[in-house]
Amino acid sequence: MATGAATVALATVVAGARRRALRDGDRQIDTAHLLHSLVESDPEVGPAFEGRTQLARVLGYLVQRSIGYGLRWQRSVEDSGARRVGREGEAAAEVSQWAVAVAGWSPSAAAAMARARERAAPRVDPRVRGLDLLAALTADPDCRAVEVLRRAGVDPRVLADRIEELSQQV
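What you see is a predicted model, and the numbers here were worked out from it, not measured in a lab. (Residues numbered from 1 in each chain as written. Predicted model: local features only at pLDDT ≥ 70, side-chain atom pairs only at ≥ 80, totals over all residues. Heavy atoms only, no water.)

Chemist: Help me understand the pattern of salt bridges in this model?
Modeler: Two side chains with opposite charge may pair up if their charged atoms get near one another. Evaluation of the coordinates by the stated rule reveals ten salt bridges. Residue aspartate 30 is joined to arginine 144 by a salt bridge in which the shortest nitrogen-to-oxygen separation is 2.9 Å. Here aspartate 30 is found in the loop between helix H1 (8-24) and helix H2 (31-41), whereas its partner arginine 144 is found in helix H8 (residues 144-151), with 114 residues between them in sequence. Comparing aspartate 30 with arginine 144, the two get one shared label, buried. A salt bridge links glutamate 147 to arginine 151, with the nearest nitrogen and oxygen atoms 3.3 Å apart. Here glutamate 147 pairs with arginine 151, and both are found in helix H8, just four residues apart, close to one helical turn. (Salt bridge = Lys/Arg side-chain N within 4 Å of Asp/Glu carboxyl O. Helix = DSSP H or I, 4+ residues; strand = E, 2+ residues; numbered from the N terminus. Buried < 20%, exposed > 50% of the residue type's maximum accessible area, 1.4 Å probe, protein only.)

Chemist: How should the packing of helix H6 (residues 107-120) against helix H7 (residues 130-138) be read in this particular structure?
Modeler: Between two packed helices, the angle of one axis relative to the other and the distance separating the axes together describe the packing. Packing of H6 against H7 leaves a shortest axis separation of 8 Å and a crossing angle of 125 degrees. Classified by the angle their axes make, H6 and H7 are oblique. Helix-helix and strand crossings are classified by hand; for H6 and H7 the assignment is right-handed. Judged by residue contacts, Ala112, Met113, Arg115, Ala116, Arg119 and Ala120 of H6 engage Leu131, Asp132, Leu133, Ala135, Ala136 and Leu137 from H7. (Axes fitted to C-alpha atoms, helices over the stretch in contact; angles between N-to-C directions. Parallel < 35°, antiparallel > 145°, perpendicular 65-115°, else oblique. Left-handed = near helix turned anticlockwise from the far one by under 90°. Contact = heavy atoms within 4.5 Å.)

Chemist: Explain the packing of H2 against H7 to me, please; I cannot follow it from the model alone.
Modeler: Packing of H2 against H7 brings their axes to within 11 Å, and their N-to-C directions diverge by 140 degrees. For the element pair H2 and H7, the recorded crossing hand is left-handed. Contact with H2, carried on its side by Thr31, Leu34, Leu35 and Leu38, involves Gly130, Leu133, Leu134 and Leu137 of H7 and no other residues of that element. Partitioned by chemical class, the residues of the contact of H2 with H7 number six nonpolar, two polar and no charged. (Nonpolar A, V, L, I, M, F, W, Y, C, P; charged D, E, K, R; others polar.)

Chemist: What's the story with helix H9 (residues 156-169) in this structure? I'm lost.
Modeler: Since there are 3.6 residues in each turn of an α-helix, residues three or four apart along the chain are aligned in direction. With 14 residues, H9 should cover 20 Å at 1.5 Å per step; its first-to-last C-alpha distance of 20 Å lies within 8% of that length. Restricting attention to buried positions, one finds in H9 the residues Pro156, Leu159, Ile163 and Leu166. Each buried residue of H9 lies within a common arc of 80 degrees when the element is viewed along its axis, so the set occupies one face. Pointing more than 90 degrees away from the buried face of H9 are the exposed residues Arg157, Glu165 and Gln168. Looking at the buried residues of H9, the elements they touch are H6, H7 and H8. The N-cap residue of H9 is aspartate 155: its side-chain oxygen and the backbone nitrogen of arginine 157 are 2.9 Å apart. (Expected span 1.5 Å × (residues − 1). Arc of directions from axis to C-beta. Polar contact = N/O pair within 3.5 Å; in protein donor to acceptor, adjacent residues only side chain to side chain.)

Chemist: How should I be thinking about the nonpolar core in this particular structure?
Modeler: One recurring pattern in soluble globular proteins is that nonpolar side chains are buried together. Grouped together as the largest cluster of nonpolar side chains are 41 residues, with contacts concentrated most on Leu35, Phe49, Val58, Leu133 and Leu134. Counting residues per element, the ones that place at least two in this core are H1, H2, helix H3 (51-66), H6, H7, H8 and H9. The residues touching leucine 134, leaving out its near neighbours within four places in the chain, are Leu35, Leu38, Val45, Ala48, Phe49, Leu159 and Ile163. (Core = buried A, V, L, I, M, F, W, Y, C linked by side-chain atoms within 4.5 Å.)

Chemist: Explain H7 here, please?
Modeler: With nine of nine residues buried, H7 lies mostly within the body of the structure. Within H7, burial applies to Gly130, Leu131, Asp132, Leu133, Leu134, Ala135, Ala136, Leu137 and Thr138. The inward-facing, buried residues of H7 contact H1, H2, H6, H8 and H9.

Chemist: I'm lost on the side chain of threonine 7 in this one. Help?
Modeler: Structurally, the position occupied by threonine 7 is in the segment before H1. Of the residues examined, threonine 7 reaches a relative accessible area of 11% and is grouped as buried. Only 3.1 Å separates the side chain of threonine 7 from the backbone nitrogen of leucine 10, close enough to count as a polar contact. The residues contacting threonine 7, other than those within four sequence positions of it, are Arg127, Val128 and Arg129.

In short, geometric facts, not functional conclusions.
Structure (structure tokens):
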């Protein structure tokens, strides 16, 4: 199995994020599109949240984003992830170059996917899973996905800890 290959569930998430970006009139897939699609379609992601109420609040904010909350993000490029990755050293600079080269993705979303690939690489089954991407999203405190999480009352550090616990069980 090739390193960096995605599970079927994650491929579904990416396709959903692409559709959501097009429908919302955004020119790029951003981290909030990825978060929205993850929460809606990947069954491994739900248990990382503290119950259905918290998950419902996150979905509520994401839906608001689709119907207007995110209008201030339209026509702007989300690039916090590329800046953050670039600060982490030479290997990170290589990932950043890959991230910027992905057409149709914000630099932050592409950097999150690169981090998800790195997280999956050491496993026996190195396919990128939804939990890898969710962990990568929570690692960028300045990305749109984390902004949505915070507004929904989710502490990204607590979520990251829960993701690690769940990842050990998978």
